[in-house]
Amino acid sequence: MCGVQERRVAPPLSGTEPGRSDARRRAVVAGAVAVVVVVADQASKSWALYRLATGSVHVVWRLDFALSFNSGSAFGLAQGWAPVIAALAVALVVGLVVALRRVRTVPMAAAIGLVLGGAVGNLADRLLRGHHGAVVDFIALHFWPTFNVADACISVGVVVAALSLWRAPENTTGDRSVVGDR
């Protein structure tokens, strides 16, 4: 009878497990993207409140900056439901932070950072600005509902996440390799 010996890779001497630094890097990417989005969103909303209080500004073609307040969700749905939307946003933020632990690629981490930053930016409006739970919107295309930087980042983040999932090669279990049990 011939015995087969299983060999394993020894853990590195540094005390970190393989892949741990990659996970840390993806978390840093998501966190950095989220912080940049929140800062850009809040700065642009502050500018809009100051500059657009006296009237809108035409930028180019059908793009105007026009101040408006949205107490609903995306596209003006659920108007007046600001407390419910704020609670859902808190749950979304917590869910995204938890999901970040399973992310395996930098593009997916960046996508989560965009959505997380957008959600936190709009949540900050609902909770901290004195507009009765309304979000400051100011980017007006006139063929699309008025939106803000946070909304744009959420939309781009969802598209990047969808493309990352779509383009991800399947592993041997049939699961997508963008998120997993790491």
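Keep in mind that what you see is a predicted model, and the values were worked out from it rather than measured. (Residues numbered from 1 in each chain as written. Predicted model: local features only at pLDDT ≥ 70, side-chain atom pairs only at ≥ 80, totals over all residues. Heavy atoms only, no water.)

1. Overview of the overall build of the protein
Let me state the cut-off plainly: Here a helix means four or more residues in a row that DSSP labels H or I, a strand means two or more in a row labelled E, and each is numbered from the N terminus. Accessible area is worked out with a 1.4 Å probe on protein chains only. A residue is then buried under 20% of its type maximum, exposed over 50%, and partly exposed in between. Contacts are assigned to residue pairs with any non-hydrogen atoms lying within 4.5 Å of each other. Per-residue accessibility takes into account occlusion by the displayed protein chains alone, with areas from the Shrake-Rupley method and a 1.4 Å probe.
Helix and strand counts for the protein stand at 4 helices and 3 strands. In the protein, the order of α-helices and β-strands from amino to carboxyl end is α-β-β-α-α-β-α. Here the protein holds 182 residues, and the buried ones make up 33% of them. The contacts of the protein with a sequence gap of at least 6 include a subset with a gap of at least 24, amounting to 66%. Of the roughly 11600 Å² that the protein leaves accessible, carbon and sulfur atoms contribute 66%.

2. Concerning the nonpolar core
Operational definition: Among buried residues, those of type Ala, Val, Leu, Ile, Met, Phe, Trp, Tyr and Cys that are joined through side-chain atoms within 4.5 Å constitute a nonpolar core.
In this structure, L96, L100, V103, M108, A109, I112 and L116 are the most contacted members of the largest nonpolar core, which totals 14 residues. Within the residue set of this core, elements represented by two or more residues are α1 (20–51), α2 (82–100) and α3 (106–128). Ranked by residues supplied to this core, first place goes to α3 with 7 residues. With sequence-adjacent residues up to four places away left out, L100 is seen in contact with R26, A27, A30, A109 and I112.

3. Remarks on the sheet that holds strand β1 (residues 57–60)
We apply this condition: DSSP calls a pair of strands paired once it identifies at least 2 bridges connecting them. Between N-to-C directions, angles span 0 to 180 degrees; the directions come from axes that are lines fitted to C-alpha atoms, helices contributing only their stretch in contact.
The 3 strands are arranged β1-β2-β3 in an open sheet whose pairing can be described as antiparallel. Strand pairing shows two members of the sheet lacking a second neighbour, β1 and β3 (135–140), which therefore form its edges. On average, each strand axis in the sheet is inclined to that of its neighbour by 35 degrees, with strand direction left out of account. Bridging between β1 and strand β2 (residues 63–70) involves 3 bridges; their strand directions are antiparallel. Among the inter-strand pairings, H58 is bridged to a residue of β2, identified as D64.

4. What to know about the environment of L63
Position of L63 relative to the elements: it lies in strand β2. Separated by 76 residues in sequence, L63 and I139 have C-alpha atoms that sit 7.3 Å apart. The residues touching L63, leaving out its near neighbours within four places in the chain, are H58, I139, A140 and L141.

5. So, α3
Rules: A helix is expected to span 1.5 Å for every residue after the first. What qualifies as a polar contact is a pair of N or O atoms within 3.5 Å, subject to a donor-acceptor requirement within protein and to the restriction that residues adjacent in sequence count only when both atoms come from side chains.
Between the first and last C-alpha of α3 there are 31 Å, a value that for 23 residues agrees with the 33 Å anticipated at 1.5 Å per step. With 17 of 23 residues buried, α3 is to be regarded as a mostly interior element. At the N-terminal boundary of α3, the capping side chain belongs to T105, with an oxygen 3.2 Å from the backbone nitrogen of M108.

6. Things to note about a nonpolar patch on the surface
Heads up, the condition is: Here a patch means residues that are over 30% exposed by relative accessible area and free of salt bridges, tied together within 9 Å if like-charged and within 5 Å if nonpolar (Val, Leu, Ile, Met, Phe, Trp, Tyr). Here a salt bridge means any side-chain nitrogen of Lys or Arg lying within 4 Å of a carboxyl oxygen belonging to Asp or Glu.
On the surface, V59, V60, W61, F75, L77, F143 and W144 cluster together to form a nonpolar patch covering roughly 830 Å² of accessible area. For L77, the location among the structural elements is in the loop between β2 and α2.

7. Notes on the side chain of R126
Definition in use: Positive charges come from Lys and Arg, negative ones from Asp and Glu, while His and the chain ends are left out of the count.
Structurally, R126 is set in helix α3. Although R126 is buried, it makes no salt bridge; D151 carries the closest opposite charge, 7.2 Å away. Among the polar contacts listed, one links the side chain of R126 to the backbone oxygen of G133, at a separation of 2.8 Å. Setting aside its immediate chain neighbours within four residues, R126 contacts N70, S71, G72, S73, A82, I85, A86, G133, A134 and V135.

8. Quick notes on the confidence of the model for the protein
Spelled out, the test is: pLDDT measures how confident the predictor is about each residue, on a scale from 0 to 100.
Residue-level pLDDT values for the protein average 87, and 82% of them are 70 or greater. By mean pLDDT, α2 is the weakest element of the protein at 93, and β1 is the strongest at 97.

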